[in-house]
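# Tertiary structure, described
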Amino acid sequence: MKRRNLALSIIAIALLLLFLIFADSSLDSYQKRILNLCAIYVILGLSMNLINGFTGLFSLGHAGFMAVGAYTTALLTMSPAIKEQTFYLEPIVAPLANLNMPFLPALLMAGILSAFVAFIIGAPVLRLKGDYLAIATLGFSEIIRIIFTNTQSITNGSLGLKSIPPHTNLWWSFGGAALTVIFMVFLIKSSYGKAFKAIREDEIAAESMGIGLFKHKMLSFVTGAFIAGVGGGLLGSLLGAINPNMFRFVLTFNVLLVIVLGGMGSITGTVISAFVVTSGLEYLRFLDETIDLGFIEIPGVAGLRMVVFALLLMMVVVFFRNGLMGTNEFSWDKLISFLKRKFPFKKEVGH
Amino acid sequence: MTLLLKTDGITMKFGGLTAVKDLNLEINQGEIVALIGPNGAGKTTAFNMITGVYKPTEGKIHFSKKDITGLKPHLITKHGMARTFQNIRLFKELSVMDNVLIANHLHLKASYLESILHLPRYRQQKNASVKKSEFLLERLGLSQFKDEKASSLPYGLQRRLEIARALATDPKLLLLDEPAAGMNPKETDDLTHFIKEIRDEFQLTILLIEHHMSVVMGISDRIYVLDHGITIAVGNPQSIQNDQKVIEAYLGVSEDA
Ligand SMILES: Nc1ncnc2c1ncn2[C@@H]1O[C@H](COP(=O)(O)OP(=O)(O)O)[C@@H](O)[C@H]1O
Ligand SMILES: [Mg+2]
C-alpha cells in the first residue's frame with residue numbers, strides 16, 4: 001500500500017514536471033500567465049487558509065501582507081538605474097536606491113518583512129475575536145495601502161512601481177506552490193497544526209488543555225503572513241507593475257473566494273479551487289467587455305465578473321457551507337476507493 | 001497531608017449578581033472532594049475561577065503553594081490542573097485520537113520549526129505522546145473509536161473522552177463538572193468506581209461537581225455545599241446528609257414556610 005502510494009506520487013510529480021516543461025515551451029504568454037496566477041493563488045490561498053480555515057481567525061488583512069511582499073520584492077530586485085527612472089517625482093531614499101539582490105533572497109525578505117508587520121499588528125489585533133478581528137485586519141490592510149500611497153520616496157506613491165524584473169515564471173510559481181503545499185502538510189500534521197485546529201474548534205477547551213491562545217494565534221498569523229508576503233512578491237514580479245490600488249479589499253476577497261470554495265481547512269480544496277477560481281476569473285473576463293453578437297452589441301459592465309463570483313460565493317456559503325472539500329484532504333487510498341465505487345468493473349467471482 | 005488547593009475567600013460578581021461569595025476551599029493531596037448545591041448555586045463559576053476562565057473579583061487561589069490568582073487558563077493547566085466541562089466541549093470535528101493528542105501539546109519541548117520539519121527531537125516527543133494517548137484511550141475503553149470524529153461518539157463516551165483528554169495533560173488536580181450528567185444508574189455506578197480507580201492509578205486529587213447523590217456520597221472524602229453562591233455547609237458525607245440547612249436548600253424549604 002505504502003509503496004503503491006509512493007509510486008503513484010512519483011508518477012504524479014513526474015507528470016506535473018512534464019506538463020510544466022511542455023507548458024513552458026509550447027504555451028503562449030497569456031496562457032502561461034494564467035498558469036502562473038493559478039500557482040500564485042495556491043500560495044496565497046494556503047496562507048489565508050492557515051489563518052482563517054485552520055486556526056479559525058476571521059482575518060481580512062491579506063491584501064496588506066501581499067502589498068508588503070510585492071513592494072519589498074520589487075524594490076529589492078529593481079536595478080538602481082530603473083529605480084532612478086521610476087522615481088521621477090521624488091527620488092527614492094538613499095539606502096533603498098542601491099539595494100539590489102537576486103530574486104530568491106528578495107522573496108525571503110518579502111516574507112520576513114510581511115511576517116514582521118503581522119507580528120506588530122498581531123499584538124493588539126489578535127486579542128480581538130470574530131467580527132472585531134475582521135474589522136481590525138481590514139482596517140490594517142487599508143492603512144498599508146494609504147501609507148504606500150503617501151510614502152513617495154519609498155514606494156513612489158500612487159504612481160506605483162513599473163519595470164519590475166519579470167523573474168516569476170512557471171518554475172518559480174509552481175516551485176513556490178509545491179513548497180507551500182509541502183510546508184502546510186507538515187505544519188498541519190504537527191502538534192502545532194493540531195493546536196491551531198483545537199483553537200478553531202473551541203477556544204475555551206483549547207486554553208483549558210494548556211494551549212496559549214495568543215501565542216498560537218500569533219504563530220499562525222505570522223506564518224500565514226510570511227507565505228502571503230512571498231506570494232505577493234511572486235505576483236508583483238509576474239505583473240511587472242504594481243501600485244497601491246491593486247491591494248484593495250477585492251484582492252483579499254479573491255483569496256477568500258478561493259478558500260471558501262475549496263473548503264476552509266482543506267489544503268487539497270485550496271489547491272483545486274485556486275485553479276478553478278483563477279482560470280474562472282480569467283475566462284469570465286468577457287463579461288466585463290463589450291460582447292458583439294453580430295446583430296446586437298451588449299455593452300460590457302466593468303466588474304460584472306466579480307458580481308458573478310460574489311454571487312457564487314454567496315451560494316456556496318448558503319447552500320454548500322463546507323465548500324468543495326470541507327476539511328477533507330486528498331489521499332491516494334481515498335481516490336482509489338472512490339474510483340472503485342464509481343467504476344466497479346472488478347471481475348465478479350460467482351458464488 | 002499536603003494542601004494542594006486553597007481558595008481564600010474567592011468571590012465572583014457578574015454586574016449586580018454575586019455568583020460565588022467568599023468561597024474557602026481546602027483540598028489535600030489525594031482527596032476526592034465534592035462541590036454540590038442546587039442549580040445556579042455557583043458551582044461552575046467556582047470551577048471557572050479556579051481554572052482561570054474568570055478572574056475572581058476578590059480573593060486568592062493557591063495551588064501547590066503557588067499563587068495562581070488571575071493566571072491564564074493554559075498556564076494553570078501547565079501547573080497541573082485539568083478539567084472537564086458541564087456542557088461537553090470536545091474538539092468536535094477532530095478525531096478521538098487528535099482530541100487526546102492535543103492535550104499533550106503543552107508538554108512539547110520541540111520548537112515550532114523543529115515540529116514543522118519533524119526533526120528528531122520532535123519525532124521522539126511525538127511518538128511518546130502517541131503512545132501515551134493510545135494508552136489512555138485503551139484505559140478508558142475508547143481505543144476502537146480512535147479514528148472516529150469526536151462528535152460521532154454517543155454522549156456517555158464523549159464524557160469519557162473529555163476525561164481522557166484531561167488526563168493527557170498530566171494533572172495533579174482533576175476537576176469534573178457533572179461527570180454523571182445524563183447517565184443511567186448503571187453507568188453512574190460504573191463512573192463512581194472509575195473515578196476512584198483513576199484517582200489511585202494516576203495519583204490524582206479530584207474536585208467534582210455532581211448532582212447524583214449516589215456518586216457524591218459514595219466517593220467523597222469531604223463535601224462543600226453551595227447555595228446562592230454561599231457556602232452553607234462543609235463536612236464528610238454523613239454530616240452533610242444530616243445537615244438541616246442542606247436539606248432545606250435541596251428541598252427548597254425556606255425559613256418562613
Ligand atoms: N458569565 C456569566 N455572566 C453572568 N452571569 C453568570 C455567568 N456565569 C454564571 N452566571 C450566573 O451565575 C450563577 C451561578 O451559575 P453557575 O456557576 O453556572 O451555577 P451552577 O454550576 O451551580 O449550576 C447563575 O445565576 C448564572 O446565571
Ligand atoms: Mg454548573
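Just so it is clear, the structure is predicted and the values come from calculations on it, not from any experiment.

### A few points about the environment of L170(A)
One can find L170(A) in helix α9 (residues 170-189). In contact with L170(A), other than residues within four places in its own chain, are L20(A), A23(A), D24(A), K32(A), L35(A), N36(A) and G175(A).

### Some thoughts on the confidence of the model for chain B
Per-residue pLDDT for chain B averages 93, and the proportion of residues at 70 or more is 97%. Highest mean pLDDT in chain B belongs to helix α3 (residues 96-102) of chain B (98); lowest belongs to helix α10 (residues 244-251) of chain B (80).

### Structural notes on the coordination of the magnesium ion (ligand 2)
Residue and element names in this part refer to chain B. T44 (OG1) and Q86 (OE1) make up the full set of protein donors to the magnesium ion (ligand 2), lying at 2.0 to 2.1 Å. Residue T44 is found in helix α1 (residues 43-50), and its partner Q86 is found in the loop between β7 (81-83) and α3; the two are separated by 42 residues along the sequence. Classification of T44 by relative accessible area gives partly exposed; the value is 24%.

### A few points about the packing of helix α6 (residues 103-125) of chain A against helix α12 (residues 213-239) of chain A
How two helices sit against one another is set out by the angle between their axes and by the gap between those axes. Residues and elements named next belong to chain A. Taken N-terminus to C-terminus, the directions of α6 and α12 make an angle of 140°; their axes are 7 Å apart at the nearest point. The chirality of how α6 crosses α12 is right-handed. Looking at side-chain class alone, the contact of α6 with α12 contains 18 nonpolar, 6 polar and no charged residues.

### Remarks on the nonpolar core
Counting residues in each nonpolar core, the largest one holds 87 residues, and the members touching the most others are F65(A), M66(A), L161(A), I242(A) and F247(A). Looking at this core, the element that brings in the most residues is helix α2 (residues 29-54) of chain A, giving 13 residues. Beyond its immediate chain neighbours, meaning those up to four positions away, F65(A) contacts S114(A), A118(A), I121(A), F140(A), F221(A), A225(A), A228(A) and G229(A). The next biggest cluster of nonpolar side chains, apart from the first, holds 57 residues, and it includes L94(B), V96(B), L137(B) and I198(B).

### A look at the interface of chain B and chain A
At the junction of the two partners, chain B supplies 29 residues and chain A supplies 27 residues. Of all residues in chain B, H105(B), Y112(B) and I116(B) bury the most surface against chain A, accounting for 27% of the area lost on that side. Applying the counting criterion to the chain B and chain A interface returns 2 salt bridges. The salt bridge partner of D202(A) is R89(B), with a shortest N-O separation of 2.8 Å. Elements represented by at least two residues in the side of chain B that touches chain A include exactly α2 (73-78), α3 and α4 (112-116) of chain B. Element by element, the count of residues in the side of chain B that touches chain A is highest for α2(B), at 4 residues. A class-by-class count of the residues in the side of chain B that touches chain A yields 14 nonpolar, 7 polar and 8 charged.

Parameters at a glance
Residues numbered from 1 in each chain as written. Chains lettered and ligands numbered in written order. Predicted model: local features only at pLDDT ≥ 70, side-chain atom pairs only at ≥ 80, totals over all residues. Heavy atoms only, no water. Helix = DSSP H or I, 4+ residues; strand = E, 2+ residues; numbered from the N terminus. Contact = heavy atoms within 4.5 Å. pLDDT = per-residue confidence, 0-100. Donors = N, O, S within 2.8 Å, 3.2 Å for Na, K, Ca; no water. Buried < 20%, exposed > 50% of the residue type's maximum accessible area, 1.4 Å probe, protein only. Axes fitted to C-alpha atoms, helices over the stretch in contact; angles between N-to-C directions. Left-handed = near helix turned anticlockwise from the far one by under 90°. Nonpolar A, V, L, I, M, F, W, Y, C, P; charged D, E, K, R; others polar. Core = buried A, V, L, I, M, F, W, Y, C linked by side-chain atoms within 4.5 Å. Buried area = accessible area lost by both parts, 1.4 Å probe. Salt bridge = Lys/Arg side-chain N within 4 Å of Asp/Glu carboxyl O.

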